[in-house]
Amino acid sequence: MSRVLVIGCGGVASVAIQKCCQVSDVFTELCIASRTKSKCDALAEKLKGKTATKVTTAQVDADQVDQVIALIKSYKPDLVMNIALPYQDLTIMDACLACGVNYMDTANYEPEDTDDPQWRAIYEKRCKEEGFSAYFDYSWQWAYKEKFEKAGLTALLGCGFDPGVTQAYCAYAQKHEFDTIDTIDILDCNGGDHGYAFATNFNPEVNLREVSAPGSYWENGHWVEIPAMSIKREYDFDQVGEKDMYLLHHEEIESLAKNIPGVKRIRFFMTFGQSYLDHMRCLEDVGMLSTTPINFEGHEIVPIKFLKALLPDPASLGPRTKGKTNIGCIFTGKKDGKDKTYYIYNVCDHQACYREVGSQAISYTTGVPAMCGALMLLTGKWTTPGVHTVEEFDPDPFLDALDKHGLPRSESHDPALVK
Ligand code: NDP
């Protein structure tokens, strides 16, 4: 029996909300709150008569701490699920602390305006000290650790698929398969085809920033940074086939390097088709990925926001996307003194997701883990106060919940390794 406030009503949130409504004995009451209330109302209408969960809606600008505090005070939830954008992480965490409520999200903080001089000074210092230049990192949210501990509250960070399930796979490998893990390769393959020459599978702004940034990986205790898309490998994915994949920086590398003792190397690869890469490179070359406002015929325009307005809405890709995703982790290490390899992954079918919740697999593979993470917090399985990433908790009940709610695991004890 619990009341949950979900902030955001985009592609990922609408899957998470529909999945919460399939588990009405835990999610008894749910409020959908977002910037555009009409989207929340439309989803509530779609759910009418299909769930025992009592669904209400509200309008909130989550950039404004006071508005989030007022909403939490009036709704009195047991948990706030932040499924808006990474830009709102800190304001929503502040509001949760002010009201004494547990918090969770699906992506770590990054600022909307990367030209903000105050943010930029801290960012440039971090780049020098840590050795990676992504706009996002955990330092901003880890800084809340003591405050959440003292308040006896839990903040669960990055509980989508990657970050999220990939870290649970690492905790599972550590708990059940290895005495020591030497290397982790996280492989994110989207074998889906939506028929457009260019479109992004989730929020274009967040997606394009991530993909066009330099890549990096963790090796022997430090970061190695490389030019964007400069390390390419091929891999033959179960139920998808052979794909090109590229090494990217990804947020879970940072927390795994802290939490998997003795790990020597962590890399993250994502598959991209040639058409996607050609379009992205061209858009970048002409300045369309810039977050710096320009003046156009008397109007201030942020190029990447303008591009977002032109691209297909990721939520509209559902009916067109065919094929499967395959996301998982390959490990090397030792068990009982012997060398060992292990691969744990999930395969998800775009069309099956569409039939179930009206979305493609990218939103589905993020929304289902968000619901399962909330389930862990609400049913007392994950309770440690403080600010935590997924690998810090017991992976077993979480992976069991994913198996049951649409993202079952597959395993191989003799996988092909990535060169
Ligand atoms: P969308 O752009 O589809 O949805 C974002 C939602 O947040 C919209 O409903 C939007 O409202 C709302 N929103 C934006 N700003 C505010 C604000 N100031 N106040 C209140 N609501 C706001 O994004 P996605 O659903 O694709 O992504 C959601 C999150 O999931 C992102 O943080 C993304 O990075 C993360 N993600 C994580 C993955 C993982 O595996 N861990 C994978 C994919 C995504 P409006 O309708 O008004 O725009």
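Bear in mind the structure is a predicted one, so any value in this text is a computation, not a measurement.

1. With respect to the sheet that holds strand 4 (residues 79-82)
Alright, step 1. Reading across the sheet, the seven strands line up as 3-2-1-4-5-6-17 and stay open at both edges, with parallel pairing between neighbours. If you trace the sheet from one side to the other, it starts and ends with strand 3 (54-59) and strand 17 (386-389), each paired once. Taking each pair of neighbouring strands and ignoring which way they run, the sheet shows an average axis angle of 20°.
Alright, step 2. Pairing analysis gives six bridges linking strand 1 (residues 2-7) to strand 2 (residues 27-34), with the strands arranged parallel. In the sheet register, Arg 3 faces strand 2, and the bridge partner there is Glu 29.

2. A closer look at the nonpolar core
Alright, step 1. Met 81, Ile 184, Phe 331 and Phe 398 are the most contacted members of the largest nonpolar core, which has 90 residues in total.
Alright, step 2. Those residues in contact with Met 81 that sit more than four places away from it in its chain are Val 4, Leu 5, Val 6, Ile 7, Cys 20, Met 104, Ala 370, Met 371 and Ala 374.
Alright, step 3. Counting 30 residues, the second-largest nonpolar core is a separate cluster that includes Leu 97, Ala 155, Leu 157 and Val 387.

3. As for the domain arrangement of the protein
Think of interface size as the accessible area that goes away when the parts come together; that is how it is often given.
Alright, step 1. Domain annotation of the protein identifies domain 1 (1-154) and domain 2 (163-358).
Alright, step 2. Taking only C-alpha atoms into account, the centre of domain 1 sits 22 Å from that of domain 2.
Alright, step 3. Residue-level contacts link 27 residues of domain 1 with 22 residues of domain 2.
Alright, step 4. Between domain 1 and domain 2 lies a buried interface of about 2100 Å² when both sides are counted; carbon and sulfur atoms form 49% of it.
Alright, step 5. Connecting domain 1 to domain 2 are three salt bridges.
Alright, step 6. A salt bridge links Lys 305 to Glu 112; the shortest N-O distance between them is 2.6 Å.
Alright, step 7. Our count for the contact surface shared by domain 1 and domain 2 stands at 14 residue pairs in polar contact (both at pLDDT 80 or more).
Alright, step 8. Contributions of two or more residues to the side of domain 1 that touches domain 2 are made by helix 1 (11-20) and helix 6 (139-142).
Alright, step 9. The greatest single-element share of the side of domain 1 that touches domain 2, amounting to three residues, is contributed by helix 1.
Alright, step 10. Counted by class, the side of domain 1 that touches domain 2 contains 12 nonpolar, eight polar and seven charged residues.

4. Digging into the site of the ligand
Alright, step 1. Near the ligand, the surroundings consist of 28 residues, among which Arg 35, Thr 36, Lys 39, Ala 62 and Asn 203 are the closest.
Alright, step 2. Within the side chain of Thr 36, an N or O atom sits 2.4 Å from an oxygen atom of the ligand.
Alright, step 3. Contact with the protein chains covers 92% of the free accessible surface of the ligand, which is 930 Å².
Alright, step 4. Looking at side-chain class alone, the shell around the ligand contains 13 nonpolar, 10 polar and five charged residues.

5. Topic: the pairing of strand 10 (residues 232-237)
Alright, step 1. Bridging between strand 10 and strand 11 (residues 241-247) involves six bridges; their strand directions are antiparallel. Within the sheet, the bridge partner assigned to Glu 234 lies in strand 11 and is Asp 244.
Alright, step 2. As consecutive antiparallel partners, strand 10 and strand 11 are separated by three residues, and within that stretch Gln 239 has a phi angle of approximately 65°, a positive value.

6. Observations concerning the UniProt feature "domain: Saccharopine dehydrogenase NADP binding" (unreviewed entry) in the protein
Alright, step 1. Here the UniProt-annotated "domain: Saccharopine dehydrogenase NADP binding" (unreviewed entry) positions come out as residues 4-156.
Alright, step 2. Taken end to end, residues 4-156 is 44% helix and 19% strand, and its first and last C-alpha atoms sit 15 Å apart.

7. Examining the packing of helix 1 against helix 14 (residues 361-378)
The angle between the axes and the distance between the axes are what describe a pair of packed helices.
Alright, step 1. The interhelical angle for the contact between helix 1 and helix 14, taken along N-to-C directions, is 50°, at an axis separation of 7 Å. If you check the angle between helix 1 and helix 14, you find them oblique. Along this stretch, helix 1 crosses helix 14, giving a crossing that reads as right-handed. Packed against helix 1, whose contacting residues are Gly 11, Val 12, Val 15, Ala 16, Lys 19 and Cys 20, the element helix 14 presents Ser 363, Tyr 364, Thr 366, Gly 367, Val 368, Ala 370 and Met 371 at the interface.
Alright, step 2. Split into classes, the residues belonging to the contact of helix 1 with helix 14 amount to eight nonpolar, four polar and one charged.

8. Side note on unusual backbone geometry
Alright, step 1. The omega torsion across Asp 162 and Pro 163 is 10°, close enough to zero to call that bond cis.
Alright, step 2. Residue placement: Pro 163 occurs in the loop between strand 6 (154-157) and helix 8 (165-177).
Alright, step 3. Positive phi values are uncommon outside glycine, yet Gln 239 reaches one of about 65°.
Alright, step 4. Summarising the element assignment, Gln 239 is placed in the loop between strand 10 and strand 11.
Alright, step 5. Judged by its relative accessible area of 47%, Gln 239 is partly exposed.
Alright, step 6. Located in the positive-phi region is Asp 336, a residue other than glycine, with phi close to 50°.
Alright, step 7. Following the sequence through the fold, Asp 336 ends up in the loop between strand 15 (324-335) and strand 16 (338-349).

9. Considering the packing of helix 9 (residues 204-212) against helix 11 (residues 274-285)
Alright, step 1. For the pair helix 9 and helix 11, the least separation of the axes is 11 Å and the interaxial angle reads 90°. On the basis of their axis angle, the class for helix 9 and helix 11 is roughly perpendicular. Mapping the contact onto sequence places Asn 207, Leu 208, Val 211 and Ser 212 in helix 9 and Tyr 276, Met 280 and Glu 284 in helix 11.

Cut-offs and rules
- Residues numbered from 1 in each chain as written.
- Predicted model: local features only at pLDDT ≥ 70, side-chain atom pairs only at ≥ 80, totals over all residues.
- Heavy atoms only, no water.
- Pairing = 2+ DSSP bridges.
- Helix = DSSP H or I, 4+ residues; strand = E, 2+ residues; numbered from the N terminus.
- Axes fitted to C-alpha atoms, helices over the stretch in contact; angles between N-to-C directions.
- Core = buried A, V, L, I, M, F, W, Y, C linked by side-chain atoms within 4.5 Å.
- Buried < 20%, exposed > 50% of the residue type's maximum accessible area, 1.4 Å probe, protein only.
- Contact = heavy atoms within 4.5 Å.
- Domains from an automatic or database assignment.
- Buried area = accessible area lost by both parts, 1.4 Å probe.
- Salt bridge = Lys/Arg side-chain N within 4 Å of Asp/Glu carboxyl O.
- Polar contact = N/O pair within 3.5 Å; in protein donor to acceptor, adjacent residues only side chain to side chain.
- Nonpolar A, V, L, I, M, F, W, Y, C, P; charged D, E, K, R; others polar.
- Near = heavy atom within 4 Å.
- Areas by Shrake-Rupley, 256 points an atom, 1.4 Å probe, with all protein chains shown as cover.
- UniProt positions renumbered as here; feature names shortened; annotations may be inferred.
- Parallel < 35°, antiparallel > 145°, perpendicular 65-115°, else oblique.
- Left-handed = near helix turned anticlockwise from the far one by under 90°.

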